[in-house]
Amino acid sequence: MKIIISHDVDHYSWSDHLLKDLFIPKFIVRNNIHFLKGKISAAEYFGRYATMLNNRQHRLTELTKFNNRHNIPATFFIGMRNALNLSYNYKNAGRIVEIIKQGSPDAEIGVHGIAYNNMEQMKEEYERMKKLIGSSLNGIRMHYLRNDAGTLGFLNEIGYRYDSTTYDLKNPYKVGNLVEFPASIMDVSVIGTRSFDQIKDLTLQHLETAKENKLDFFTVIFHDVYFDDVFKNSKNWYIWLIEYLKSQNFEFTNFENAIASCS
C-alpha cells in the first residue's frame, strides 16, 4: 500500500474573509467554546487570535519545508472560485502557487473545486487553473468533498485525469478516462475534539482497515492552516503520521505517478 499526501488550501489571509463570509465570527465562537470546555489550552486560545495580527492565515511555507525534509511528494489543491468560506481571489491564488513552488518546485498542483454539478463553471475553474500554472492540469478535489451522481462524469468530460473527492476506504476506480482516488483519512474528520491518544488510535484503525481491504493507495488530506502550534493536535497528528508511516516503511507517491498503475 502506497501513501498519497494531499493538502487542501482553503485560506490565504484573514482579510480575504472580511465582508465576504461568516468565517471569522464562526471561528471566534468556536474558539471560545473549545477554550471554555477545556478542549484547547490558553496558549492555543490566545495564539489563534494572535495569528490575525499579521493577516497570514496559510501555513504553506512551514508545511512545504516539513514535507521537503521528509521527502514527501505532496499535492496541493487550490481554489479557483469562492464559496463555503473559501474566499481568496484569483490574485491570491496565484500567490499561493508561487509560495508552493518556491518551497517545493516539483509539487503537484490541482484545483480545489467549488462547482460540482455545473459543467460550464467546472470548465471555467479548469481553464483558470491551467492559465495560472502554465502547464498541464491533471487533478481536482471538490471543496467540502461535495459531489453528486454526475460529478465524476463531468470531470472526465472536461479532461481531468484524476479526482479525489469521494471519501471511502476503497481502491481507485475509473470513470471513463478519469481515475477516482477515494480519500482515506482527513484531518478534520479524525481529530475533532478527541484526545491525541484517541486520534492516534482512530488513525491506526483506518490504516489497519485499509490493509485488510487490500488498498493499493491510502490518501491523506491535511489542511495547511493547521500546521501551526495554535492547532496543536492537528499539527502534531500530521507530524506523527508522517513519522509513523516512514517508520513502517510505507512508500510515498503522488496522484500523477499513481495513475500509471490504474490504467
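Let us look at the structure shown here.

Analysis parameters
Residues numbered from 1 in each chain as written. Predicted model: local features only at pLDDT ≥ 70, side-chain atom pairs only at ≥ 80, totals over all residues. Heavy atoms only, no water. Helix = DSSP H or I, 4+ residues; strand = E, 2+ residues; numbered from the N terminus. Rg over C-alpha atoms; globule rule 2.2 N^0.38 Å. Contact = heavy atoms within 4.5 Å. Expected span 1.5 Å × (residues − 1). Polar contact = N/O pair within 3.5 Å; in protein donor to acceptor, adjacent residues only side chain to side chain. Salt bridge = Lys/Arg side-chain N within 4 Å of Asp/Glu carboxyl O. Buried < 20%, exposed > 50% of the residue type's maximum accessible area, 1.4 Å probe, protein only. Arc of directions from axis to C-beta. 1 Å grid on protein atoms, 1.4 Å probe; cavity = no way out; pocket = protein on both sides within 12 Å on 5 of 7 lines; lining within 4 Å. Points joined across faces, edges and corners; volume = space filled by probe spheres on them. Nonpolar A, V, L, I, M, F, W, Y, C, P; charged D, E, K, R; others polar. Axes fitted to C-alpha atoms, helices over the stretch in contact; angles between N-to-C directions. Parallel < 35°, antiparallel > 145°, perpendicular 65-115°, else oblique. Left-handed = near helix turned anticlockwise from the far one by under 90°.

Looking at the overall build of the chain
Regarding its fold elements, the chain presents 10 helices and 10 strands. For 263 residues, the compact-globule estimate of 2.2 N^0.38 gives 18 Å, and the chain sits close to it at 18 Å. Principal-axis analysis of the C-alpha atoms gives the chain an extent of 50 × 45 × 35 Å. Restricting to contacts in the chain with at least 6 residues of sequence separation, those with at least 24 account for 69%.

Remarks on helix α5 (residues 119–133)
Between its first and last C-alpha atoms α5 spans 21 Å; for 15 residues at 1.5 Å apiece the expected length is 21 Å, and the two agree. Along its buried surface, α5 packs onto β2 (75–79), α4 (90–103), β3 (108–113), β4 (139–142) and α6 (151–158). N-cap assignment for α5: the residue whose side-chain oxygen lies 3.2 Å from the backbone N of Glu120 is Asn118. A positive backbone phi angle near 65° is found at Gly134, which sits one or two residues after α5.

What to know about the pattern of salt bridges
It is possible for side chains of opposite charge to pair when their charged atoms get near one another. Tallied over the full model, the rule gives 11 salt bridges. Note that Arg48 and Glu44 form a salt bridge whose closest N and O atoms lie 3.9 Å from each other. With a gap of 4 residues between them, Arg48 and Glu44 both fall in helix α2 (residues 42–50), about one helical turn apart. For the pair formed by Arg48 and Glu44, the shared burial category is buried. In this structure, the salt-bridge partner of Asp228 is Arg59, at a minimum N-O distance of 2.6 Å. With Asp228 in the loop between β9 (217–221) and α9 (232–247) and Arg59 in the loop between α2 and α3 (60–69), this pair connects stretches of sequence that are 169 residues apart. In this pair, the class of Asp228 matches that of Arg59, namely buried. Bridged by salt links that share partners, the residues Arg81, Glu124 and Glu125 form one connected network.

Section: helix α8 (residues 196–212)
With 17 residues, α8 extends 24 Å between its outermost C-alpha atoms, agreeing within 8% with the 24 Å of an ideal straight helix rising 1.5 Å per residue. Among the residues of α8, Ile199, Leu202, Thr203, His206, Leu207 and Ala210 are the ones counted as buried. Viewed end-on, α8 has its buried residues packed into an arc of 140°, placing them on one side of the element. Exposed residues pointing more than 90 degrees away from the buried face of α8 are listed as Asp197 and Glu212. Looking at the buried residues of α8, the elements they touch are β8 (185–186), α7 (187–190), β9 and α9. Lys214 sits one or two positions beyond α8 and adopts a positive phi of about 55°.

Digging into the layout of surface pockets
One number sums up the size of the largest pocket: a volume of about 980 Å³. If you go around the largest pocket, you meet 41 residues; those closest to its centre are Arg30, Val188, Tyr226, Phe231 and Ser234. Counting only elements with at least two residues in the lining of the largest pocket, the list comes to α1 (23–36), α2, α7 and α9. Top contributing element to the lining of the largest pocket by residue count: α1, with 6 residues. Classifying every residue of the lining of the largest pocket by side-chain character gives 15 nonpolar, 13 polar and 13 charged.

Things to note about the packing of α3 against α9
Their axes nearest at 11 Å, the elements α3 and α9 cross at an angle of 15°. One way to sum up the angle between α3 and α9 is to call them roughly parallel. The hand of the α3/α9 crossing is right-handed. Listed contacts from α9 to Leu63, Phe66 and Asn67 of α3 are Tyr238, Ile239 and Ile242.

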